[in-house]
Amino acid sequence: MAPKSKLSKIRNIGIIAHIDAGKTTVSERILYYTGKSYKMGEVHDGEAVMDWMPQEQERGITIMSAVTSCEWNQHEIHLIDTPGHVDFTMEVERSLRVLDGAVVVFCAVGGVEPQSETVWHQADKYAVPKLAFINKMDRVGANYWGTIDMMRERFHSIPLAVQIPLGMEERFSGVIDLVCRKAFRWNDQNLGVSYDVSDVPEELRDDMEQHREKMIETLAEVDDDVATRYLEGEDLTEKELVEAIRKATLSLQVVPVLCGTALRNKGIQPVLDAVVHYLPSPEDVPPVKGHHPVTGEEEFRLSSEKEPLAALAFKVMMDEGRKLTFVRIYAGFLQVNEEVYNVVKRKKEKLSRILKMHANKRERIDRASAGDIIAVMGLKETTTGDTLCDEAHPIVLEKIEFYEPVISQAIEAKTPADQEKLTVALAKLLEEDPTLRVKYDDDTAQTIISGMGELHLEVVLDRLIREFNTHVNVGRPRVVYRETIQKRVEVEGRFERELGDKKHFGHVRLILEPLERGHGIEIIWNVDKTMIPEEYRGLVEGGIHESASSGVVGGYPVVDVRVTVAGGSIREGESTPMGYKVAASTAFKDGCDSADPVLLEPIMMVDIVTPADFMGDVIGDINARHGEVQSITQKGAISEIRCRVPLKSLFGYSTDLRSATQGRAVFSMQFLAYDKG
């Protein structure tokens, strides 16, 4: 079989959604119906195949993205089930970076929920074509068309209904496929493995034709061939419609929408058909882009095993003390016991094993090629975001951007033996989790861990105890602040000192100005080379960045400052690299001190969904926490409140919200910006 036809039969997809929309249940059904699992795991029983960590089984949520492969209609599907909780949004981000397509799951009752907006925009950022599956159609309050309207409203995409439901709520029994004009009804006796395909009942035909017409109209707006045929009154065949929908989906113009209820085993097989019909193979996506590590020129690699190797390590996992590196191969191939070149670390590494993953089970293979998502062993130096390539044809693929932590907690080992274990355990967790930060505080002899939220840190602490048998005392969670300045200042830094028998001299003049939020540290050079020689410039910048890592108000990192290097001087025979670095560092520190420094705190965007009866209490509580309500949306008897709230006011909020609303309100939050409190 030629590589081209092999590649065209691969689908690399992710299942993404808001927490509790049913992603993992959809994944479990896919594995069951494709013959990959012989038993259906249920999330609520703690038996889902994809949620294999003890922390996931207890909480009934996904924490780590799990990779698996299965087959459907002679196609190989590599599937990643991702978390829905905002604290683990990095898992979604790095999965989308290496995927070609995504199935976005929505709850038919909740509609477009806050976190589903986040994952949708993450998929848009990487230009990933999407299918939408509206789940939980059997639930009271399910609203298929209402959810589609919300999608149209909230996203810059056109939802294309390719199915309509047969019945709603407890009467939901199946779907009508608008492409092939057939009704699908599932058999409850055998867990939905078999289903009947029949002609659409007489009383529903007009309704079907009406929606089919609408579907073709929508396609005609984005496809000239369909428009011509439609205007001439011709009917399109099933094959032509599938091709037109595929073309529009791949060009990100439409999102095909399907529906069902995963928990009741209805509607999953058509989703698998849609993945094969409408989502891209590795051949359909544009060539992967990168740059040459030496010349900096843009480089491309086609998705073919005949091209030089280009692969991205997108996740590291510790498994019984051994390091597993998850890799997406974009071009070329990998073979066991061969060397690969890590272009970022400039090191050669040897592959000892290549594994095809099925959640936490695996199958050994000798070779993997373009389009595959696999795990490898033997890569000692490789970390998340590194590129593996052929040394003779180097390429650096775009790195994965990581989020900054917003919350920290002090921990200390209970005994000296625990201290040793703690150091080893944290080093392993840091390799796995790029959003975790660890800092040792000399003054208090405590280790400070920082992460994306309370649940994130809770899971880290749980893993320290269970996996690494390390016992720690834990402090209260604390907010991670930033610092900035509020006015423009000019400042000079001069360093003159004799160390040993050598004189060191450095002199710089800096202008510090406040920047808008979210701009970090910006350095501009506005100085003649005769004042500060070219070779010292990197050291001046290094001194500024070093000084900015610990501010003058509370020792937090300084952000949103423009530093203009406006002057300086040299002394023949005395100017040294160290002199300029220290001079720049001192000048920056002094400048911050006199520029009206201020603390910035993390502000969260909080989305609360509450029964309308409790809306007044919820808003009153948000105001008491110094929050600002941004919008209130009524959805029948439910209100959705979006507000900005300082993170420090949100500790323990879930308990307070539950008691204020008799346990009926839910909320989710995500980091919005650093700002003055």
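Residues numbered from 1 in each chain as written. Predicted model: local features only at pLDDT ≥ 70, side-chain atom pairs only at ≥ 80, totals over all residues. Heavy atoms only, no water.

Asker: What's the story with the sheet that holds strand S8 (residues 174-177) in this structure? I'm lost.
Answerer: Note: strands within a sheet are paired through backbone hydrogen bonds, in either parallel or antiparallel orientation. Ordered by their spatial adjacency, four strands build an open sheet running S7-S8-S9-S10, and the pairing between neighbours is antiparallel. Both outer strands of the open sheet, strand S7 (163-166) and strand S10 (195-199), are each paired with one neighbouring strand and no more. Taken over all neighbouring pairs, the strand axes of this sheet differ in orientation by 25° on average, direction set aside. As defined by bridge partners, S8 adjoins strand S9 (residues 182-186) across four bridges and the pair is classed as antiparallel. The residue of S9 that forms the bridge with glycine 174 is arginine 185. (Pairing = 2+ DSSP bridges. Helix = DSSP H or I, 4+ residues; strand = E, 2+ residues; numbered from the N terminus. Axes fitted to C-alpha atoms, helices over the stretch in contact; angles between N-to-C directions.)

Asker: Looking at this structure, I do not really get the layout of surface pockets. What am I missing?
Answerer: Gaps left between atoms are located by rolling a probe of water-molecule size over the structure's atoms. Its volume calculated, the second largest pocket comes out at about 650 Å³. What lines the second largest pocket is a set of 30 residues, and nearest its centre among them are Arg97, Tyr126, Pro286, Pro287 and Val288. When residues of the lining of the second largest pocket are assigned to their parent elements, the largest contribution, four residues, is made by strand S12 (residues 288-291). Classifying every residue of the lining of the second largest pocket by side-chain character gives 18 nonpolar, three polar and nine charged. (1 Å grid on protein atoms, 1.4 Å probe; cavity = no way out; pocket = protein on both sides within 12 Å on 5 of 7 lines; lining within 4 Å. Points joined across faces, edges and corners; volume = space filled by probe spheres on them. Nonpolar A, V, L, I, M, F, W, Y, C, P; charged D, E, K, R; others polar.)

Asker: Honestly, the packing of helix H13 (residues 537-548) against helix H14 (residues 577-594) in this entry has me stumped. Any pointers?
Answerer: The relative placement of two packed helices is expressed as an angle between their axes plus a distance between the axes. Where H13 meets H14, the closest approach of the two axes is 7 Å, and the angle between their N-to-C directions is 40°. Here H14 runs oblique to H13, going by the angle between their axes. Crossing geometry of H13 relative to H14 is assigned as right-handed. Each of Leu539, Val540, Gly542, Gly543, Ile544, Glu546, Ser547 and Ala548 in H13 lies in contact with H14, whose residues at this interface are Pro577, Tyr580, Lys581, Ala584, Ser585, Phe588 and Lys589. Residue composition of the contact of H13 with H14, grouped by class: eight nonpolar, four polar and three charged. (Parallel < 35°, antiparallel > 145°, perpendicular 65-115°, else oblique. Left-handed = near helix turned anticlockwise from the far one by under 90°. Contact = heavy atoms within 4.5 Å.)

Asker: Sorry, what's going on with the confidence of the model for the protein here?
Answerer: Regions with low pLDDT carry predicted coordinates that are not meant to be interpreted in detail. On average, residues of the protein score 84 in pLDDT, and 91% of them reach the 70 mark or higher. At the low end of the mean pLDDT range in the protein sits helix H3 (residues 54-59), at 48; at the high end sits strand S11 (residues 254-259), at 95. Counting interchain partners and residues more than four positions distant, the pLDDT-below-50 stretch residues 59-63 has 22 contacts. (pLDDT = per-residue confidence, 0-100.)

Asker: Help me out: how do you make sense of the pairing of S9 in this one?
Answerer: Looking along a regular strand, one sees the side chains alternate between the two faces of the sheet. Turn length for the S8-S9 hairpin, with the two strands adjacent in sequence and antiparallel, is four residues, and the turn residue arginine 181 shows positive phi of about 55°. The pairing of S9 with S10 spans five bridges and is antiparallel. Within the sheet, the bridge partner assigned to alanine 183 lies in S10 and is serine 198.

Asker: Is there a simple way to explain the sheet that holds S12 in this structure?
Answerer: As summarised here, the arrangement of the three strands in space is S13-S12-S24, forming an open sheet in which the pairing is antiparallel. This sheet does not close on itself; its edge strands, each paired only once, are strand S13 (298-301) and strand S24 (396-397). For S12 and S13, the ladder comprises four bridges, and the chain directions are antiparallel. Within S13, the position partnered with glycine 290 by the bridge is glutamate 299.

Asker: What should I look at first to understand the pairing of strand S17 (residues 339-342) in this one?
Answerer: Where S17 and strand S18 (residues 347-350) come together, four bridges link them in antiparallel fashion. Each bridged residue has a counterpart across the sheet, and for valine 340 the counterpart in S18 is glutamate 349. The sheet contact formed by S17 and strand S23 (residues 387-389) spans two bridges and is antiparallel. Counted as the bridge partner of asparagine 342 is leucine 388 from S23.

Asker: Explain helix H12 (residues 454-466) to me, please; I cannot follow it from the model alone.
Answerer: Since one α-helical turn is 3.6 residues long, residues separated by three or four positions face the same way. Taking 1.5 Å as the rise per residue, H12 with 13 residues should run 18 Å; its terminal C-alpha atoms sit 18 Å apart, in good agreement. Turning to H12, its buried residues number three or more, namely Leu455, His456, Leu457, Val459, Val460, Leu461, Asp462, Arg463 and Leu464. (Expected span 1.5 Å × (residues − 1). Buried < 20%, exposed > 50% of the residue type's maximum accessible area, 1.4 Å probe, protein only.)

Asker: Please clarify how the packing of aromatic side chains should be interpreted in this entry.
Answerer: Two aromatic rings are characterised by how far apart their centres lie and by the angle between their planes. If you walk through the whole model with that rule in mind, you get twelve aromatic pairs. Joined through ring pairs, the aromatic side chains of Phe106, Trp120 and Phe155 make up one cluster. Just above the ring of phenylalanine 326 sits the side chain of lysine 315; from NZ or CZ to the centre is 6.0 Å. Sitting over the face of the ring of phenylalanine 333, arginine 367 holds its NZ or CZ atom 4.1 Å from the ring centroid. (Phe/Tyr/Trp six-rings, centres within 6.5 Å; stacked < 30°, edge-to-face > 60°. Lys NZ or Arg CZ within 6 Å of the ring centre and 35° of its normal.)

Asker: Please explain the pattern of salt bridges as it appears in this structure.
Answerer: Where charged atoms from two side chains of opposite charge come close, those side chains can pair. Scanning the model with the defined rule gives 41 salt bridges in all. Glutamate 209 is the salt-bridge partner of arginine 181, the closest N and O atoms lying 2.9 Å from each other. Here the residue arginine 181 occupies a position in the loop between S8 and S9, and glutamate 209 occupies one in helix H7 (residues 202-222), the gap between them amounting to 28 residues. You can call arginine 181 partly exposed: its relative accessible area is 29%. Of the residues examined, glutamate 209 reaches a relative accessible area of 32% and is grouped as partly exposed. Across the pair arginine 625 and aspartate 621 runs a salt bridge, and its minimum N-O distance is 3.0 Å. (Salt bridge = Lys/Arg side-chain N within 4 Å of Asp/Glu carboxyl O.)

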